[in-house]
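A closer look at the structure
This is what each chain is made of:
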Amino acid sequence: MRDLLQEDLFDPRQRHDLPLREYMDLTIDRMKAIFRHGLVDNDMWMGRPQEHAFRSMCDVMGLTGAFDFALTSTITDHLIAGSALFNHGSPEQVDRYHDEITQMHEVYAFCCTEIGGGTNLREIRTTVSWNHAEQCFTLDTPTDAACKFWIGNIKHAATVGMVLARLVIDGEDLGHHWFRVPLRNEENGPALPGITILSCDPKGGIQANQVGGARFTGVRLPREALMGRYSSVDADGRFSSTLPDAGTRFVKSIETFVQERIFPLSAGARACELAAHLTWRFAAHRETRGAPRRRTLLDEPLYLERLYQVQLRSLALRLLERAVVRGVERDWHTDPGRKNMHVLTATGKCGSWLVLDVLAACREMCGSQGFHGLNQIVTLRTDFEVNVTFAGDNSVMAYQVARNAMSSDRFATRTPVTLPQRVEKDLVDTWRGRQGGSFSHADAVVLVHARMLDLILAEHDAEPMVPQQVMDDLVADFAAHKLREPHRPVAADREKIDFLAELLAPLPELVTAPMVDDSYLTELTSSARSVSMTLPVQGR
Ligand SMILES: Cc1cc2nc3c(=O)[nH]c(=O)nc-3n(C[C@H](O)[C@H](O)[C@H](O)COP(=O)(O)OP(=O)(O)OC[C@H]3O[C@@H](n4cnc5c(N)ncnc54)[C@H](O)[C@@H]3O)c2cc1C
């Protein structure tokens, strides 16, 4: 990935100079380059032939996130669509489409969300009906609310969509199924008959991710379009499935959304490390008093408090990411572990809240320079805005983790040892004491942060990266700000800050902000960036 970042194709400034459409096309080209170099593909997911490369794929996805989160998102969209095919296709379908997905001969989109439904996937409205006369399926969008929307890659590039829809035969709703739907004959070409592509622009970030929508009107699909691992329809329209009912088919259809939840966390962790680094570099030369008694922001104790906090939170994210990846690798192939996988990745996904905290703080700590697009932080911030609601809405994830904590009650028979474990036990005991076991939104958010801290501490125990004092500070910050625990002052000093700055240093190729040293004074005031205006002649 490092080599790629040095190529012209990955010149980061292009995002500011290109028209939007060209920037979108460039992002597709960058995705293809990453695939061509074998850095990422579906065979590296757990359960696939090259799962030994899972961790390195997460690393690459993390780096793309710090580079341009629109690129991470673009790749993720293709990967999730591929995962839907690999998990729900029959062995023949998997064989047939394997190379076009892993070698990206076709760009895929996954078409799940409907504009009127969002998270409520159980009630999606898109239908695929069996047409007896023509012995084929017909794909339809019955209402405006059923339009597929927020679909990455679909706007111009994707030639194939993996569509989640209800299968209907003779008026009977047989539940959720995945279909492989050709969208265009060639990348960037017109949509095929019956398909209207919609736009989701303008949007509030990740501009280069080609997010769009689709309305389907009587789109003919062959029988093989139905993913046949669990269900099939014969030439006479007879349906059979190894899954007993529509409810089970729904649960199975969305089980595919697990591993990709790590990518937003990896990307967010790298983005925070980059932002914390840029802030530290800026603070090292931004003077608060000139010579002879020169001081910079790094000499200001109040500033150090803020800087240390963003470093501690970036460290927390790195440890959380490592803990989640470690957990997925360890447990993927065990039955109880697989059951816990959703809760583990949902907990990690909620780390994206912390990402926004860090990016907002860094932007503020660099003042106006933090607001300059070339200085990277504000673009990271706007790009990561979406991270808290897509790939599993954070609040919804937190509620699911809270419900799981209540039903599993993991401290019923053992005593909590650490602070986050005690917080979890107290919350769960309180909830269980209530009629119906109810909890508030705020409680669920605290619970999921307790779970995060529990993972972070376990990761530190497994492979310590920092002295205990720094870990104690991290816990104190988490406790006061995320777990509603009493505040314990955290002492920030240059030694700890320099240590964390070194530990969390990003790849040099990712650092392009002029403000990292005082050469920004020249760059941002050079004539190339100045605007000349002819003023009207005065005094006539
Ligand atoms: C840039 C972008 C790219 C995307 N890419 C894709 C893609 O490629 N393919 C695809 O299929 N989808 C994609 N999505 C859709 C994404 O997965 C959805 O955002 C997600 O499913 C949540 O739906 P929603 O955003 O409509 O929010 P909603 O589900 O409508 O949620 C709105 C609010 O209600 C809350 N809420 C929701 N349900 C409940 C509940 N039961 N109880 C209490 N509160 C609740 C949420 O916390 C949230 O605050 C993308 C979205 C974006 C913005």
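It should be emphasised that the depicted structure is a prediction, and the values quoted were computed from it without experimental measurement.

The rules we used
Residues numbered from 1 in each chain as written. Predicted model: local features only at pLDDT ≥ 70, side-chain atom pairs only at ≥ 80, totals over all residues. Heavy atoms only, no water. Helix = DSSP H or I, 4+ residues; strand = E, 2+ residues; numbered from the N terminus. Rg over C-alpha atoms; globule rule 2.2 N^0.38 Å. Buried < 20%, exposed > 50% of the residue type's maximum accessible area, 1.4 Å probe, protein only. Contact = heavy atoms within 4.5 Å. Areas by Shrake-Rupley, 256 points an atom, 1.4 Å probe, with all protein chains shown as cover. Lys, Arg positive; Asp, Glu negative; His and termini not counted. Charge placed at Lys NZ, Arg CZ, Asp CG, Glu CD. Phe/Tyr/Trp six-rings, centres within 6.5 Å; stacked < 30°, edge-to-face > 60°. Lys NZ or Arg CZ within 6 Å of the ring centre and 35° of its normal. Pairing = 2+ DSSP bridges. Axes fitted to C-alpha atoms, helices over the stretch in contact; angles between N-to-C directions. 1 Å grid on protein atoms, 1.4 Å probe; cavity = no way out; pocket = protein on both sides within 12 Å on 5 of 7 lines; lining within 4 Å. Points joined across faces, edges and corners; volume = space filled by probe spheres on them. Nonpolar A, V, L, I, M, F, W, Y, C, P; charged D, E, K, R; others polar. Domains from an automatic or database assignment. Salt bridge = Lys/Arg side-chain N within 4 Å of Asp/Glu carboxyl O. Buried area = accessible area lost by both parts, 1.4 Å probe. Polar contact = N/O pair within 3.5 Å; in protein donor to acceptor, adjacent residues only side chain to side chain.

**Considering the overall build of the protein**
Counting its regular elements, the protein contains 19 helices and 13 strands. Here the C-alpha radius of gyration of the protein, 25 Å, is about what a compact globule of 540 residues would show, namely 24 Å. On the principal axes, the C-alpha backbone points of the protein span a range of 90 × 80 × 45 Å. Across the 540 residues that make up the protein, the buried fraction comes to 55%. In the protein, the proportion of contacts linking residues at least 24 apart, taken out of those at least 6 apart, comes to 72%. Carbon and sulfur atoms form 51% of the exposed surface of the protein, whose accessible area is close to 23100 Å². Of the side chains in the protein, 59 bear a positive and 71 a negative charge, and the two mean positions are spaced by 4 Å.

**Digging into the packing of aromatic side chains**
According to the stated counting rule, one finds nine aromatic pairs in the structure shown. The interplanar angle of 80 degrees and the centroid separation of 5.9 Å between the aromatic rings of tryptophan 45 and phenylalanine 263 together place this pair among those described as edge-to-face. Residue tryptophan 45 is found in the loop between α3 (20-36) and α4 (54-67), and its partner phenylalanine 263 is found in helix α8 (residues 262-285); the two are separated by 218 residues along the sequence. For tryptophan 45, a relative accessible area of 4% gives the class buried. With a centroid separation of 6.4 Å and 45 degrees between ring planes, the pair formed by tyrosine 399 and phenylalanine 439 is classed as tilted. Of this pair, tyrosine 399 sits in helix α14 (residues 394-408) while phenylalanine 439 sits in the loop between α15 (419-433) and α16 (441-462), placing them 40 residues apart in sequence. Look at tyrosine 399 and you get partly exposed, because its relative accessible area is 25%. The partly exposed category is assigned to phenylalanine 439, whose relative accessible area is 22%. Positioned above the aromatic ring of phenylalanine 10 is the side chain of arginine 30, whose terminal nitrogen or guanidinium carbon lies 5.5 Å from the ring centre. The residue whose ring lies beneath arginine 48 is phenylalanine 86, and the NZ or CZ to ring-centre distance is 4.1 Å.

**Side note on the sheet that holds strand β4 (residues 148-152)**
Taken in spatial order, the three strands line up as β4-β8-β7 in an open sheet, and their pairing is antiparallel. The two strands at the open ends of the sheet, each matched to only one other strand, are β4 and β7 (195-199). Put simply, the sheet's adjacent strands are angled 35 degrees from each other on average, direction ignored. As defined by bridge partners, β7 adjoins strand β8 (residues 211-216) across five bridges and the pair is classed as antiparallel. By the bridge assignment for β8, threonine 196 is matched with arginine 215.

**Let's talk about empty space enclosed by the protein**
Under the counting rule described, the total for this entry stands at three cavities of 30 Å³ or more. One number sums up the size of the largest cavity: a volume of about 230 Å³. Forming the walls of the largest cavity are 20 residues, and the residues nearest its centre are Pro12, Arg15, Phe67, Gln376 and Thr512. Residue assignment for the lining of the largest cavity shows that the elements contributing at least two residues are α2 (14-17), α4 and α13 (377-384). Counting residues per element, the lining of the largest cavity draws most heavily on α13, which supplies three residues. Of the residues that constitute the lining of the largest cavity, the class distribution is nine nonpolar, five polar and six charged. Structurally, the lining of the largest cavity is a two-domain feature, drawing no fewer than three residues from each of domain 1 (2-102) and domain 3 (261-510).

**Description of the pattern of salt bridges**
Enumeration according to the criterion identifies 43 salt bridges in this entry. A salt bridge links arginine 55 to glutamate 329, with the nearest nitrogen and oxygen atoms 2.8 Å apart. Placement of the pair is arginine 55 in helix α4 and glutamate 329 in helix α9 (residues 301-331), with a sequence separation of 274 residues. Members of the salt-bridge network, linked through shared partners, are Arg270, Glu273, Arg318 and Glu321.

**Some words on the domain arrangement of the protein**
For the protein, the assigned domains read domain 1 (2-102), domain 2 (108-240) and domain 3 (261-510). If you average the C-alpha positions of domain 1 and of domain 3, the two centres end up 26 Å apart. In this assembly, 26 residues from domain 1 lie in contact with 26 residues from domain 3. Buried surface at the junction of domain 1 and domain 3, both sides included, amounts to about 2300 Å², of which 70% is carbon and sulfur. For the pair domain 1 and domain 3, the number of links is three salt bridges. The closest approach of N and O atoms between glutamate 509 and arginine 2, which form a salt bridge, is 3.0 Å. On the surface where domain 1 and domain 3 come into contact, there are five residue pairs in polar contact (both at pLDDT 80 or more). Of the residues that constitute the side of domain 1 that touches domain 3, the class distribution is 12 nonpolar, eight polar and six charged.

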